[in-house]
Amino acid sequence: SMVASADWDSTVVLWDTASAEPRWSTLVPGGISRLRFSSDGDQLVTLGPPGISLLATDSGEKVRDIALKDVKEMAVSTGGSLLVVSVGPELMVLDAAHENTVMTRLAPPEGIDATGSIQAIALSQDGRTVVATNSGSLNAWSLDPVRWLWSDVNLQSDPCPVAISADGSSVAAFTQERSVVVRALDDGALEATLQGNTANVGSLAFADNGETLVASTGEGRLLMWDLALAPPAAQPFPRLDGIIWSL
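Residues numbered from 1 in each chain as written. Predicted model: local features only at pLDDT ≥ 70, side-chain atom pairs only at ≥ 80, totals over all residues. Heavy atoms only, no water.

Draft legend 1. Region of the structure containing the overall build of the protein chain. Along its length, the protein chain carries zero helices and 23 strands. The contacts of the protein chain with a sequence gap of at least 6 include a subset with a gap of at least 24, amounting to 34%. Total accessible area on the protein chain stands at roughly 11,900 Å², and carbon and sulfur atoms take up 50% of it. (Helix = DSSP H or I, 4+ residues; strand = E, 2+ residues; numbered from the N terminus. Contact = heavy atoms within 4.5 Å. Areas by Shrake-Rupley, 256 points an atom, 1.4 Å probe, with all protein chains shown as cover.)

Pasting the structure below:
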């Protein structure tokens, strides 16, 4: 029922999708490079040169600032208490409620190539599983207890989007064959290979029901798959004017 946008002047706007009217807008000084909802949708999180700012979704009021430099990607847990951030190839899990203490650093086991900067991070709603993509590979970790789960090394290197379903059962990513794959989050088992006009997928998002997946392309197109169908068929939306940066 809502979507957020960030303008060039660092203005963040929360929009009501039913009325297409803004619910609120606020200025976050310093610039914004990323905009994310927390897993439960209660907080809106901005990333920019000064660091990370957490905003209350219902009001736009600032909850807190987190001074972190050189962060490129991030994911935020329910309530904003847990942050997963990337600095270059390093992936860190922070306890945002206690002075941003580094709880753990995540790395795949020896023999798994995960060099290069992290391109995308996704965190399950329960905060128990995180996935990250870089240099054409996807790695998944459990955070309770902390352990590496599995890897997929057949992804598109750039862009390399990733998304986790709301129930935490599935993860979607973009492959070298320029198709979208859906895998089981716990063990990486292949659930579906999705075809369509997926020449350049820039972002992915699951609907709350977990049965619908949406992809955006660099050509200004949106594709939607009903995962309950066998096989899922892509439903294209009307072409939009311009590039879709994020979903």
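Draft legend 2. Fine view of the side chain of Ser-170. One can find Ser-170 in strand 17 (residues 170–174). The exposure class of Ser-170 is buried, given its relative accessible area of 9%. (Buried < 20%, exposed > 50% of the residue type's maximum accessible area, 1.4 Å probe, protein only.)

Draft legend 3. Examining the environment of Trp-141 more closely. Looking at the secondary structure, you find Trp-141 in strand 14 (residues 137–143). Trp-141 sits in the buried class, given a relative accessible area of 4%. Between the alpha carbons of Trp-141 and Asp-186 there is a distance of 8.9 Å; along the sequence they are 45 residues apart. Non-local contacts of Trp-141, meaning those with residues more than four positions away in its chain, are made with Leu-91, Leu-106, Ala-107, Pro-108, Arg-128, Thr-129, Val-130, Ala-132, Arg-147, Trp-148 and Leu-149. In terms of polar contacts, Trp-141 uses its side chain to reach the backbone carbonyl oxygen of Ala-107, at 3.3 Å. (Polar contact = N/O pair within 3.5 Å; in protein donor to acceptor, adjacent residues only side chain to side chain.)

Draft legend 4. How the structure looks around a negative patch on the surface. On the surface, Asp-40, Asp-42, Asp-58 and Glu-61 cluster together into a negatively charged patch. Topologically, Glu-61 is positioned in the loop between strand 6 (51–56) and strand 7 (62–66). We classify Glu-61 as exposed; its relative accessible area is 57%. (Patch = residues over 30% accessible without salt bridge, like charges linked within 9 Å, V, L, I, M, F, W, Y side chains within 5 Å. Salt bridge = Lys/Arg side-chain N within 4 Å of Asp/Glu carboxyl O. Lys, Arg positive; Asp, Glu negative; His and termini not counted. Charge placed at Lys NZ, Arg CZ, Asp CG, Glu CD.)

Draft legend 5. Spotlight on the pairing of strand 14. Burial of strand 14 is extensive: seven of the seven residues sit out of reach of the surface. Of the two faces of strand 14, the one carrying Ser-137, Asn-139, Trp-141 and Leu-143 and the one carrying Leu-138, Ala-140 and Ser-142 are both buried. As defined by bridge partners, strand 13 (residues 129–134) adjoins strand 14 across six bridges and the pair is classed as antiparallel. Residue Thr-129 lies in a different strand from strand 14, and its bridge partner there is Ser-142. Sheet analysis places strand 14 next to strand 15 (residues 146–152), joined by six bridges and oriented antiparallel. In the strand pairing of strand 15, Trp-141 is matched with Trp-148. The antiparallel pairing of strand 14 with strand 15 creates a hairpin that spans two residues between the two strands. (Pairing = 2+ DSSP bridges.)

Draft legend 6. Layout of the environment of Ile-52. Within the secondary structure, Ile-52 is located in strand 6. For the pair Ile-52 and Lys-69, spaced 17 residues apart in sequence, the C-alpha to C-alpha distance is 9.0 Å.

Draft legend 7. How the structure looks around the sheet that holds strand 7. Strand order in the open sheet formed by four strands is 4-5-6-7, and the pairing between neighbours is antiparallel. What marks the edges here is a single partner per strand, and that holds for strand 4 (34–37) and strand 7. Taking each pair of neighbouring strands and ignoring which way they run, the sheet shows an average axis angle of 15 degrees. (Axes fitted to C-alpha atoms, helices over the stretch in contact; angles between N-to-C directions.)

Draft legend 8. Inspection of the pairing of strand 21 (residues 212–217) at higher detail. Burial within strand 21 is extensive, with six of its six residues counted as buried. Of the two faces of strand 21, the one holding Thr-212, Val-214 and Ser-216 and the one holding Leu-213, Ala-215 and Thr-217 are both buried throughout. Relative to strand 21, strand 20 (residues 201–206) is paired through five bridges, and the arrangement is antiparallel. When the sheet's bridge partners are listed, Ser-203 is paired in strand 21 with Ser-216. Between the end of strand 20 and the start of strand 21, which pair antiparallel, lie five residues, with Gly-210 showing a positive phi angle near 75 degrees. Of the pairings in the sheet, the one linking strand 21 to strand 22 (residues 222–226) comprises five bridges and is antiparallel in character. In the sheet register, Thr-212 faces strand 22, and the bridge partner there is Asp-226.

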